[in-house]
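# Observations on the model geometry
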Amino acid sequence: MADAHDVRRLALDLDGVEEIDCDGFDFRVNGRGFVWSYPDRSGGRRVLRTDIAVLFVGDEAERQALLLGEPELFFSTPSYEGLPLVMVRLGEVDAARLAELVTDAWRMRLEH
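Cut-offs used in this document
Residues numbered from 1 in each chain as written. Predicted model: local features only at pLDDT ≥ 70, side-chain atom pairs only at ≥ 80, totals over all residues. Heavy atoms only, no water. Helix = DSSP H or I, 4+ residues; strand = E, 2+ residues; numbered from the N terminus. Rg over C-alpha atoms; globule rule 2.2 N^0.38 Å. Buried < 20%, exposed > 50% of the residue type's maximum accessible area, 1.4 Å probe, protein only. Contact = heavy atoms within 4.5 Å. Expected span 1.5 Å × (residues − 1). Polar contact = N/O pair within 3.5 Å; in protein donor to acceptor, adjacent residues only side chain to side chain. Pairing = 2+ DSSP bridges. Axes fitted to C-alpha atoms, helices over the stretch in contact; angles between N-to-C directions. Phe/Tyr/Trp six-rings, centres within 6.5 Å; stacked < 30°, edge-to-face > 60°. Lys NZ or Arg CZ within 6 Å of the ring centre and 35° of its normal.

### Quick look at the overall build of the protein
A tally of helices and strands in the protein yields three helices and six strands. The C-alpha atoms of the protein give a radius of gyration of 13 Å, which matches the 13 Å a tight globule of 112 residues would have. Along the first, second and third principal axes, the C-alpha atoms of the protein reach 30 × 30 × 25 Å. Expressed as a percentage of its 112 residues, the buried residues of the protein come to 45%. At a minimum sequence separation of 6, the contacts of the protein that also span at least 24 residues come to 47%.

See below:
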């Protein structure tokens, strides 16, 4: 089980990462986001959820592979349709897998 502290530690261990000051977490490389807190708007107002991370995944094929392959871990919402992003439930992911996901998101953001 991972949490926002794990995301922060993993992201800040990567080269060139900038943390944006916010109520949750928001990490960028070369000015582009690769992992951040999920901005939940379901209750009518925007609330940053630190139990859910939004990850940049590079393309639609990778997005679909994650969503279809592990629906207990990854999900999306209609507002994210067509974007190379998925949400991951931090309480369902272990630290090793989270490290892989954050590192992959960082690497893909460097390439795109």
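### Some thoughts on helix 3 (residues 95-111)
Between its terminal C-alpha atoms helix 3 stretches 24 Å, which fits the 24 Å expected from 17 residues at 1.5 Å a residue. Of all the residues in helix 3, the buried ones are Arg-97, Leu-98, Leu-101, Val-102, Ala-105, Trp-106, Met-108 and Arg-109. With a side-chain oxygen lying 3.2 Å from the backbone nitrogen of Ala-96, the N-terminal cap of helix 3 falls on Asp-94.

### Focus on the sheet that holds strand 3 (residues 32-40)
Spatially, six strands are ordered 1-2-3-4-6-5 in an open sheet, and the strand pairing comes out antiparallel. Lying at the two open borders of the sheet, with one neighbouring strand each, are strand 1 (17-19) and strand 5 (74-75). For strand 4 (residues 47-56) and strand 6 (residues 85-89), the ladder comprises five bridges, and the chain directions are antiparallel. Within the sheet, the bridge partner assigned to Leu-55 lies in strand 6 and is Val-86. Contacts from helix 2 (residues 60-69) reach strand 5 and strand 6 within the one sheet, and its direction differs from that of strand 6 by about 30 degrees.

### Looking at the packing of aromatic side chains
Any pair of aromatic rings gets described here by the distance separating the centres and the angle formed by the planes. Applying the stated criterion across every chain yields a total of three aromatic pairs. Between Phe-25 and Phe-27, the aromatic rings sit 6.4 Å apart at their centres with planes inclined by 25 degrees, giving stacked as the arrangement. Here Phe-25 and Phe-27 have matching classes, each one buried. Between the aromatic rings of Tyr-38 and Phe-75, the centroid separation amounts to 6.1 Å while the plane-to-plane angle is 80 degrees, which identifies the pairing as edge-to-face. Residue Tyr-38 is found in strand 3, and its partner Phe-75 is found in strand 5; the two are separated by 37 residues along the sequence. A single burial state applies to Tyr-38 and to Phe-75, both of which are buried. Sitting over the face of the ring of Phe-56, Arg-109 holds its NZ or CZ atom 3.8 Å from the ring centroid.

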